[in-house]
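Listed below are the residues making up each chain.
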Amino acid sequence: MRRRLVLSTLAVVVVVMAVLLAPVALVVNAAADPDEQNGLFARIAVIAVFALAAAAALSAVQARQLARPLERLARSAGRVGDGDFSTPAQPSGIDEIDDIARSLRLSANRVDRMLEAERGFTADATHQLRTGLTGLAIRLELLERHHDPEVAAEAAAILEQTHELNSTLDELLAVARKGSTGERAVVQLVEIVDDHIDDWRVRFDRLRRQVVVTTSVTAPVRATRGLVGQIVDILLDNALRHGAGTVMVLVEKGSITVSDEGAGIRDEAAGSLFERPTDHQAAHGRGLALARRLAESDGGRLELAERRPACFRLTYVPADA
């Protein structure tokens, strides 16, 4: 930016000098003797060189004075984009730049307050849910001692899911507070899929549909086990609600691919597939947006691999990369 300011200033100076010196050169050429012309032209050239040097020095100083506040403003905007909303006000003495900095500071404060309110609500909601789950777990522990083996086994299975849901709440709360769980570890994607697929087979069987899991060459990845399981659940639920036919789950290398035999995704809907619904009271349309957010917060990537039939791919970086 500084170089551009210096060059633009020099260009203006050169144009002004050309406009001023061209008539002088014509007058000297017409009025002076040939011997005097060389001397006058030499003086004019010296004056022009000194003028250019002075203009270059002046433009460098001016460019520095203009560029520094803009560079500070750019750094402040970059910190806001990184989640640091403590953008201090540093007056530059240039009204236009100070106005932009003031607007950026006000916007950052508003976003900070909104996020703080959202974090507070998330923490309160999580606390209430955990309280309810604790009461449910106590009742299930009592049912585990039931004399009927089938009732006891069913209570044990539900109790295990309750504990998993409690862990998921902790992970989601960590994502909401810090943007990531901070609990990534080396995991095998095929093991996570196997842990979740049995519960989904029961739901698909009720609709006389199948879930087929295929495993190719796999590699361990670095991810949060609970978040990966949540994303798999969202993708399977999406295939159950909006897809048709058999659902194929392919685990290979560092990715999980989920596809079905339905009509697929409409072209006009593909662009906004992972966007949150604009209506905050909408009951549907949040799953895929949440899944992508969870994947990105955990260092992964969720994308629509194919539109027809719908095929989603969840990818993580291999642990040895």
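This structure is a prediction, so every number in the text was calculated from the model and none was measured.

Caption draft 1: Summary view of the pattern of salt bridges. In total, this model carries 7 salt bridges according to the counting rule given. Where Asp 195 meets Arg 225, a salt bridge forms, and the shortest distance between an N and an O atom there is 2.5 Å. With Asp 195 in helix 5 (residues 189–206) and Arg 225 in helix 6 (residues 225–242), this residue pair connects regions lying 30 residues apart in the sequence. You can call Arg 225 partly exposed: its relative accessible area is 37%. The partner of Glu 303 in a salt bridge is Arg 301, and the shortest N-O contact between them spans 3.7 Å. The class for Arg 301 is partly exposed, based on a relative accessible area of 44%. Among the ionic contacts, a cluster of salt bridges with common partners joins Asp 267, Arg 307 and Arg 308.

Caption draft 2: Main features of the packing of helix 6 against helix 8 (residues 287–297). Running from N to C, helix 6 and helix 8 point in directions that differ by 155°, and their axes come no closer than 9 Å. Regarding the angle of helix 6 to helix 8, the classification is roughly antiparallel. Of the two elements, helix 6 crosses helix 8, and the hand of that crossing is left-handed. Residue-level contacts link Leu 227, Gln 230, Ile 231, Ile 234, Leu 235 and Asn 238 of helix 6 to Gly 287, Leu 288, Leu 290, Ala 291, Leu 294, Ala 295 and Ser 297 of helix 8. Taken together, the residues of the contact of helix 6 with helix 8 break down into 9 nonpolar, 4 polar and no charged.

Caption draft 3: Quick peek at the nonpolar core. By size, the foremost hydrophobic cluster in this structure holds 39 residues, and its most contacted members are Val 228, Val 249 and Ile 256. Those elements that place two or more of their residues in this core are helix 5, strand 3 (221–223), helix 6, strand 4 (247–253), strand 5 (255–259), helix 7 (267–270), helix 8 and strand 7 (311–315). The biggest single contributor to this core is helix 6, with 9 residues. Every residue in contact with Val 249, bar those within four places of it in the chain, is listed here: Val 193, Ile 197, Val 211, Val 212, Val 213, Thr 214, Leu 236, Ile 256, Thr 257 and Val 258.

Caption draft 4: Just helix 6, in detail. Taking 1.5 Å of rise per residue, the 18 residues of helix 6 would be expected to cover 26 Å, and the 26 Å separating its terminal C-alpha atoms lies within 8% of that figure. Of all 18 residues that make up helix 6, 13 are buried, and the element is covered over most of its length.

Caption draft 5: Geometry of the environment of Arg 203. In this structure, Arg 203 sits in helix 5. The class of Arg 203 is partly exposed, set by a relative accessible area of 40%. Through-space distance from the C-alpha of Arg 203 to that of Leu 240 is 8.4 Å; in sequence the pair is 37 residues apart.

Caption draft 6: Up close: the sheet that holds strand 5. Taken in spatial order, the 5 strands of this open sheet run 2-4-5-7-6, and their pairing is mixed. With partners counted over all chains shown, the strands left at the sheet margins are strand 2 (211–218) and strand 6 (301–306), one partner each. The sheet shows a mean angle of 15° between the axes of neighbouring strands, taken without regard to direction. Where strand 5 and strand 7 come together, 5 bridges link them in antiparallel fashion. From the neighbouring strand, Thr 257 faces strand 7, where its bridge partner is Arg 313. The sheet contacts of helix 5 involve strand 2, strand 4 and strand 5, and relative to strand 2 the element is tilted by about 170°.

Caption draft 7: Geometry of the pairing of strand 4. Where strand 2 lies against strand 4, 6 bridges are found, and the strand directions are parallel. Paired with Val 213 across the bridge in strand 4 is Val 249. One ladder, built from 5 bridges, connects strand 4 with strand 5; its direction is antiparallel. Bridging from a neighbouring strand, Val 249 pairs with Val 258 of strand 5. Where strand 4 hands over to strand 5, the hairpin turn is made up of 1 residue, counted between the paired strands.

What counts as what
- Residues numbered from 1 in each chain as written.
- Predicted model: local features only at pLDDT ≥ 70, side-chain atom pairs only at ≥ 80, totals over all residues.
- Heavy atoms only, no water.
- Salt bridge = Lys/Arg side-chain N within 4 Å of Asp/Glu carboxyl O.
- Helix = DSSP H or I, 4+ residues; strand = E, 2+ residues; numbered from the N terminus.
- Buried < 20%, exposed > 50% of the residue type's maximum accessible area, 1.4 Å probe, protein only.
- Axes fitted to C-alpha atoms, helices over the stretch in contact; angles between N-to-C directions.
- Parallel < 35°, antiparallel > 145°, perpendicular 65-115°, else oblique.
- Left-handed = near helix turned anticlockwise from the far one by under 90°.
- Contact = heavy atoms within 4.5 Å.
- Nonpolar A, V, L, I, M, F, W, Y, C, P; charged D, E, K, R; others polar.
- Core = buried A, V, L, I, M, F, W, Y, C linked by side-chain atoms within 4.5 Å.
- Expected span 1.5 Å × (residues − 1).
- Pairing = 2+ DSSP bridges.

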